[in-house]
Structure formats: structure tokens, C-alpha cells
Amino acid sequence: MNILAFESSCDETSAAVVVANRGFKVKSNIIASQVDTHRLYGGVVPEIASRAHTEAISRITYEALDEAGMTLSDIDVIAVTANPGLIGALLVAVNFAKALAAANNIPLVAVDHIKGHIASCYLGGKGNVAKPPFIALAASGGHTAIYHVVSHTELYVIGTTRDDAIGESFDKIGRMIGIPYPAGRGFDALSKEGFIKATGDSENFYEKYKKSAAYKDKETYLPSPALNDGSLDFSFSGLKTAAINLLHRYEQLGKEIDRPLFAARYTYEAVEAVAKKLSLALDKYPGHDLCIAGGVAANSHLRNRLRAVAEEHGVNLYIPSLDLCGDNAAMIGAQAYYEYKKGNLADSTLNASALDKIEAERT
Ligand code: KG4
Ligand code: ZN
């Protein structure tokens, strides 16, 4: 089955051709990123995003088909992200996909963006494909949640941030210490520098960090975003506010913050909180494998730390390759395959929605 998929929920316009035939093959995955435009404003400007999607979508569709060596007549299913995301941005690909499907008489499938992120864990190739049931972390600019993935099409929230998302917090704090938007990648690299500086070890820096003088320094204390109530929930706004206050305090005192050490401390608290809650989730759901997805799944410290968590629990860890962590249409194509098989087809009334529709698990 040949699937042409679209994604336009935030600041990346993407079109991909995914072939599902006893496993997935990504034939093309074209991503037109708008980050250079939004960088000027320090974050995504929704109207600019919608306009840029409108400009890019036809071109990248031809590119995706060309690269896959296909034409529309080879396509069996058209898939599109319908929620959640920026409404004006989502509407661009939803309308485009609807028109393309109607004009060519091709079935249309609507995909939830978060389910799509998790489906990136099905694209790893032989021996590296997650199989439900499993526990999944979706960590991105807009999401930080833990899911119980019961089947390819059924999943429930078992833990979530009560306020800010982890990626957004990296972006905001990163901006304050001079890292250009989106700050995640730069934050990752600066933290590494800080961990090495704190421990003097360029390999086992993360493991040694907790015992370092830098971590024990009370002046640069930052709180954990892991809620201490037995739940699987987080609060990233507390960590973010404490970090902002710390930076302001230094500024008022005319002192210069050690950027790498500060970034390392921030990253450590964020990563440890995620590791703690995922550990708890794996305790609650014995025998379930672990998947991590979303832009923040590209974080090197998080990836390494969660390898250890999975190992401690004796379960497999699935992490998408770096190019599949951020927003892309290939992951939407993978999820669309399972939705199609379940008979979840969209009709001509399909609309986009900004809302997150995945429900909490009832216990
Ligand atoms: O999934 P994504 O591309 O878009 C959303 O759906 O939000 O995630 C983007 C987020 C941004 O906040 C970006 O800073 C973050 O992922 N990110 C990272 C890294 N690479 C991207 N955060 C931490 N470490 C990274 N290496
Ligand atoms: Zn995303």
C-alpha cells in the first residue's frame, strides 16, 4: 500500500510517501522548515506559519512523489494531520489533502499528530519496530505526556505536564541565555559542555554529575519538574520560573552566569524528571516496552538516560532516528496505515482541530 502523507501542524510543512508492505519503507520525507523565518521573532508566529505552509505544500508534494518515483495514480491512501496544532497551520494541509483525495478518488485518512509522533517508532526497520502494548513518551514543543499504547490505534494518557511542555521550556530558557530559536539542539550541546566542565570527564559525565561540586552548589539550585504526588505528571513551569529568577538574580547582582553549567543543571533536572516518571510507568505496566518520540526525543542526554531506564526494567527501548523525531509526514503515513486498516476513513466533512483528543486512561 502506497501512502502519501501530509503534516502542517506547526512550523514544518512536510509531505512523504510511505510504502506499507510487511513493514514500512519511507520512500520520501520532504520537510520544508520555517525555523529561519520564525527565529526573527523568537518563536512561531501562527499567521506566518499558515502562509508559509500554503506557499510550500504543492512544491513539496511534487518533490515527495518524484523522490519516491511515483505519480498520484500509484497512491492508495492520502493521510493528513488533522489535530492538535495551530489551527490555521493544520487547515492548510487538511484542505490540500481533501482536495487531492476528492479530485483523484483516493481514500483519505485523518491522523492525530501525537499518534503520528509515536508511529515514528514503527519506522525503525527490521528488528527495530515497536509493538503494542507499550509505554510511550511524546516530548515536543507543545507536548510532554506519557501514554499507554494499547494497540496501534488505541492509546491513553497516563501522565502529562500540568502546564508547560518540556520543549517549550528549553526554547524559552535557551533564548534567555542567547541560544537561537528553536533552542533545543543548542541547549543539548551547551549542556554537554557544562556536564564535562562539572565532572572533568568527557565520557561518563552524566552519571558523575550528581556528585559534582557544580550540582551541589546551592546558589544555582533548580527544582525538579517531577510532581511529588505518586502521579506520572510533571510541572515544567516551576522549573522554568526558577531558572528565570536565577538568571534575573545574577543580572541584578551584576554577576555573569556560567552558561554551560546552568544549561547542564537545567537539562539534568528535566531529564531526571522524565526518567523518574517513565520508570514509575514501567513499574505500573510490567513487561511493556518503552518508546520515545517528538522533537525532544532528539536530546542526547535524554536518549542515553532512557537507555539506562529501559535496561534497568529489562525492556526494549525504541527511539526514532534523529530525522524522524521532529515534525515530519512519514510518521503520519505510518499511523495512517493502521487507521486505514481499522476502517477509520475521513469523509468530505473532515475539519482540523487545535485540540488534543487523546483521553486519560481510566483506572
Ligand atoms: O516535535 P517537534 O518538532 O514539534 C512540535 O510538535 O512541537 O518538537 C520541537 C521541539 C522544540 O521545542 C525543540 O527545541 C525541541 O523539540 N528539540 C530539542 C532537541 N531538538 C529539538 N530539545 C532538546 N534537545 C534536542 N536535541
Ligand atoms: Zn510535533
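Residues numbered from 1 in each chain as written. Chains lettered and ligands numbered in written order. Predicted model: local features only at pLDDT ≥ 70, side-chain atom pairs only at ≥ 80, totals over all residues. Heavy atoms only, no water.

Draft legend 1. Just the overall build of the protein chain, in detail. Regarding its fold elements, the protein chain presents 13 helices and 10 strands. For 363 residues, the compact-globule estimate of 2.2 N^0.38 gives 21 Å, and the C-alpha radius of gyration of the protein chain, at 21 Å, lies within 12% of that figure. For the C-alpha atoms alone, the extent of the protein chain along its principal axes is close to 65 × 45 × 35 Å. In the protein chain, of all internal contacts separated by at least 6 residues, the share reaching a separation of at least 24 is 71%. Carbon and sulfur atoms make up 50% of the accessible area of the protein chain, which totals about 16100 Å². When the 36 positive and 42 negative side-chain charges of the protein chain are each reduced to one mean point, those points stand 4 Å apart. (Helix = DSSP H or I, 4+ residues; strand = E, 2+ residues; numbered from the N terminus. Rg over C-alpha atoms; globule rule 2.2 N^0.38 Å. Contact = heavy atoms within 4.5 Å. Areas by Shrake-Rupley, 256 points an atom, 1.4 Å probe, with all protein chains shown as cover. Lys, Arg positive; Asp, Glu negative; His and termini not counted. Charge placed at Lys NZ, Arg CZ, Asp CG, Glu CD.)

Draft legend 2. A look at the nonpolar core. Counting residues in hydrophobic clusters, the biggest one holds 57 residues, and the most contacted among them are Ile135, Leu137, Ile146, Phe262, Leu278 and Leu306. What Ile146 contacts, discounting residues up to four positions off in sequence, is Ile135, Ala136, Leu137, Tyr156, Val157, Ile158, Gly159, Leu232, Phe234, Lys277, Leu278 and Ala281. Within the second largest apolar cluster, 37 residues are counted, among which are Ala5, Ile118, Phe134 and Ala329. (Core = buried A, V, L, I, M, F, W, Y, C linked by side-chain atoms within 4.5 Å. Buried < 20%, exposed > 50% of the residue type's maximum accessible area, 1.4 Å probe, protein only.)

Draft legend 3. Structural view of the coordination of the zinc ion (ligand 2). Only His113 (NE2), His117 (NE2) and Asp327 (OD) from the protein coordinate the zinc ion (ligand 2), and they sit 2.0 to 2.2 Å from it. Written as a sequence motif, the donor arrangement for the zinc ion (ligand 2) is H-x3-H-x209-D. Of this pair, His113 and His117 are both found in helix H4 (residues 113-119), 4 residues apart, which corresponds to roughly one turn of the helix. The same class applies to His113 and to His117, which are both buried. (Donors = N, O, S within 2.8 Å, 3.2 Å for Na, K, Ca; no water.)

Draft legend 4. Looking closely at the site of ligand 1. Taken together, 20 residues surround ligand 1, and among them Gly141, Asp171, Gly184, Gly295 and Asn299 come closest. In this structure, a nitrogen atom belonging to ligand 1 sits 3.0 Å away from a side-chain N or O atom of Asp188. Separating an oxygen atom of ligand 1 from a backbone N or O atom of Gly295 is a distance of 3.0 Å. Here ligand 1 has 560 Å² of accessible area as a free molecule, and 87% of this is covered by the chains. Of all the cavities here, the one that holds ligand 1 is the largest pocket. Of the residues that constitute the shell around ligand 1, the class distribution is 5 nonpolar, 11 polar and 4 charged. Split by domain, the shell around ligand 1 shows at least three residues from each of two domains, domain 1 (2-124 + 324-342) and domain 2 (134-319). (Near = heavy atom within 4 Å. Polar contact = N/O pair within 3.5 Å; in protein donor to acceptor, adjacent residues only side chain to side chain. 1 Å grid on protein atoms, 1.4 Å probe; cavity = no way out; pocket = protein on both sides within 12 Å on 5 of 7 lines; lining within 4 Å. Sits in = over half its atoms within 2 Å of the grid points. Nonpolar A, V, L, I, M, F, W, Y, C, P; charged D, E, K, R; others polar. Domains from an automatic or database assignment.)

Draft legend 5. Structural view of the pairing of strand S5 (residues 108-112). For S5, a buried count of 4 out of 5 residues is recorded, marking the element as mostly surrounded by other parts of the structure. Sheet analysis places strand S4 (residues 77-83) next to S5, joined by 5 bridges and oriented parallel. Considered in S5, the bridge of Ala79 is made with Val109. Handedness of the crossover is the feature at issue here: the chain leaves S4, passes through helix H3 (residues 87-104), returns alongside S5, and the resulting connection is right-handed. (Pairing = 2+ DSSP bridges. Right-handed = clockwise from strand over helix to strand, strands pointing away.)

Draft legend 6. Highlighting the packing of helix H2 (residues 46-68) against H3. Contact geometry for H2 and H3: axes closest at 8 Å, N-to-C directions at 30°. Note on packing geometry: the crossing formed by H2 with H3 is right-handed. Residue-level inspection shows Ser50, His53, Thr54, Ile57, Ser58 and Thr61 of H2 in contact with H3, the latter providing Gly88, Ala89, Val92, Ala93, Phe96 and Leu100. Looking at the contact of H2 with H3, its residues break down into 6 nonpolar, 6 polar and no charged. (Axes fitted to C-alpha atoms, helices over the stretch in contact; angles between N-to-C directions. Left-handed = near helix turned anticlockwise from the far one by under 90°.)

Purely geometric stuff here, so don't read any function into it on its own.
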